[in-house]
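Examining the three-dimensional arrangement
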Amino acid sequence: MSIAFIDLAAQQRRIKPAIDAAIQKVLAHGGYVMGPEVRVFEARLAEFGKARRALSCANGTDAIALPLMAWEIGPGDAVFCPSFTFTATAEVVPWTGAEPVFVDVLPDTYNLDPGKLEAAIAAIKAEGRLMPKVIVAVDLFGQPADYPKIAEIAQRHSMKLIADSAQGFGCTLDSKHPIHWADVTTTSFFPAKPLGCYGDGGAVLTNDDALWDVMDSLRVHGKAVAGDLIGRSFHHDPKYLNTRIGMNSRLDTIQAAILLEKLTIFADEIDARQTVAARYAEGLAGAVKVPAVIEGGVSVWAQYTVEHDDRDGLAAHLKTQGVPSAAYYPVPMHLQAPYARYPQPGGLPVSEAAADKVIALPMHAYLGADTQNCIIEAVLGYNG
Ligand SMILES: Cc1ncc(COP(=O)(O)O)c(C=O)c1O
């Protein structure tokens, strides 16, 4: 039997006629860029994520860059983020001229450690070289960061809070989505994400209309938006009046059309992922360290990540059994050559230890019990 790490084909079989029809509709109307599906999708996405507005863009990396650009984050500013995350979280910070400050994570959830965040902000303030401006909390592997504590820290230090929910879109804490606490929630529609499209895509959710307008300008080369035209007349297409330096970061209409269909089954898929995670937790308890979820949290289980002291040995064994696995992430950001020069106050021992031990097992909403039992048996059969 061939076991998929993420079975996108099973999902497609479920909704193929609807996806085919949605794509055909775009081909028929021809509005490939910023077509009607984009606006409809933004409205539905905002509704799902309990935000006032959603702004789609080209990918989940730009989704983090857009609010940083809109807030005019730049040289001399510090943006605090975890090191145990995908590159994009930190990558966008030097784009703006600001510096990422790497903060350690909690050993059980792998999400930002509020105590260490507080200490890192104090260290940067004491040093006086950088001004703390933004915190980027990541919903790693699908589960919400400790937003009540992180948002309280952000407020006390007058900092902005980004929820990088590329892996966690749809997750909740005490039934609330991250936007309840964050200034923006960002996400990625990379195909393997819990809510993915058939290419690249991303979005920013916010309750701030003015911020949405500025990001709308930035995603289309700094075009003039309504606020820019107050008190002046411009008799041409406002996209030819450039009021700020922007970028080209739009979600393709075809991807929006696909996402609209996928969104209709997303809540059901999140439920199915809970069943799969529960089966793993029960079957693997004692053999490996199974993931812990924050109290009151619901993970969307982008990954099911366990820990084993001999991670590489387990991965090699699983391969012989036909079970795919992956190490997310084997090298934390603060140890990657281009990022090693950025501040990492207090060190990051938890991130470094986790990087050596984590191994993600196949996880998706369509993982059946029989296949999952084979995976569990394969893990239990490793005597490294
Ligand atoms: C935590 C995190 N942030 C940001 C991104 C960037 O998303 P994209 O690949 O769509 O640019 C990813 C994607 O893998 C991610 O996992």
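Here the structure is a predicted model, which means the values were calculated and not measured.

Moving on: the environment of Glu-72. Turning to its location among the elements, Glu-72 is positioned in the loop between α3 (60-70) and β2 (77-82). Here the alpha-carbon distance between Glu-72 and Ala-98, two residues 26 residues apart in the chain, equals 10.0 Å.

Consider a sheet: its strands pair through backbone hydrogen bonds, and that pairing is either parallel or antiparallel. Taken in spatial order, the 7 strands make up an open sheet running β1-β8-β7-β5-β4-β2-β3, and their pairing is mixed. Where the open sheet ends on each side, the last strands, each with one partner, are β1 (53-57) and β3 (99-103). Ignoring which end each strand starts from, the neighbouring axes of this sheet average 25° apart. One ladder, built from 5 bridges, connects strand β7 (residues 184-188) with strand β8 (residues 202-206); its direction is antiparallel. Following the sheet pairing, Thr-186 is matched in β8 by Val-204. Strand contacts of helix α2 (residues 36-48): β1 and β8, with the helix running at about 130° to β1, the strand carrying the most contacts.

It is common to report an interface's size as the accessible area lost on association of the parts. The domain architecture assigned to the chain consists of domain 1 (8-264) and domain 2 (267-380). Here the C-alpha centroids of domain 1 and domain 2 sit 24 Å apart. Tallying the contact residues gives 38 residues for domain 1 and 32 residues for domain 2. At the level of secondary structure, the elements contributing two or more residues to the side of domain 1 that touches domain 2 comprise α1 (8-29), β3, α5 (114-127) and β6 (172-173).

Attention shifts here to the packing of α1 against helix α8 (residues 253-264). Packing of α1 against α8 brings their axes to within 9 Å, and their N-to-C directions diverge by 150°. It follows that α1 is roughly antiparallel to α8 by the angle criterion. For the pair α1 and α8, the sense of crossing is right-handed. Where α1 abuts α8, its residues Ile-15, Ala-18, Ile-19, Ala-22, Ile-23, Lys-25 and Val-26 lie against Thr-253, Ile-254, Ala-257, Ile-258, Leu-260 and Glu-261. For the contact of α1 with α8, the class distribution of residues is 10 nonpolar, 1 polar and 2 charged.

For α8, which comprises 12 residues, the first-to-last C-alpha distance of 17 Å matches the rise-based estimate of 16 Å (1.5 Å per residue) to within 8%. Among the residues of α8, Thr-253, Gln-255, Ala-256, Ala-257, Ile-258, Leu-259 and Lys-262 are the ones counted as buried.

Helix length check: helix α9 (residues 266-284) (19 residues) gives 27 Å between terminal C-alpha atoms against 27 Å at 1.5 Å per residue, within 8%. Looking at α9, one finds that the buried residues are Ile-270, Arg-273, Val-276, Ala-277 and Tyr-280. With its buried residues spanning 120° around the axis, α9 presents them on a single face. Summarising the geometry of α9, the exposed residues directed more than 90 degrees from the buried face are Ala-267, Asp-268, Asp-271, Ala-278 and Glu-282.

Thresholds applied
- Residues numbered from 1 in each chain as written.
- Predicted model: local features only at pLDDT ≥ 70, side-chain atom pairs only at ≥ 80, totals over all residues.
- Helix = DSSP H or I, 4+ residues; strand = E, 2+ residues; numbered from the N terminus.
- Pairing = 2+ DSSP bridges.
- Axes fitted to C-alpha atoms, helices over the stretch in contact; angles between N-to-C directions.
- Contact = placed C-beta atoms within 7 Å.
- Domains from an automatic or database assignment.
- Parallel < 35°, antiparallel > 145°, perpendicular 65-115°, else oblique.
- Left-handed = near helix turned anticlockwise from the far one by under 90°.
- Nonpolar A, V, L, I, M, F, W, Y, C, P; charged D, E, K, R; others polar.
- Expected span 1.5 Å × (residues − 1).
- Buried ≥ 20, exposed ≤ 12 C-beta atoms within 10 Å, placed from the backbone.
- Arc of directions from axis to C-beta.

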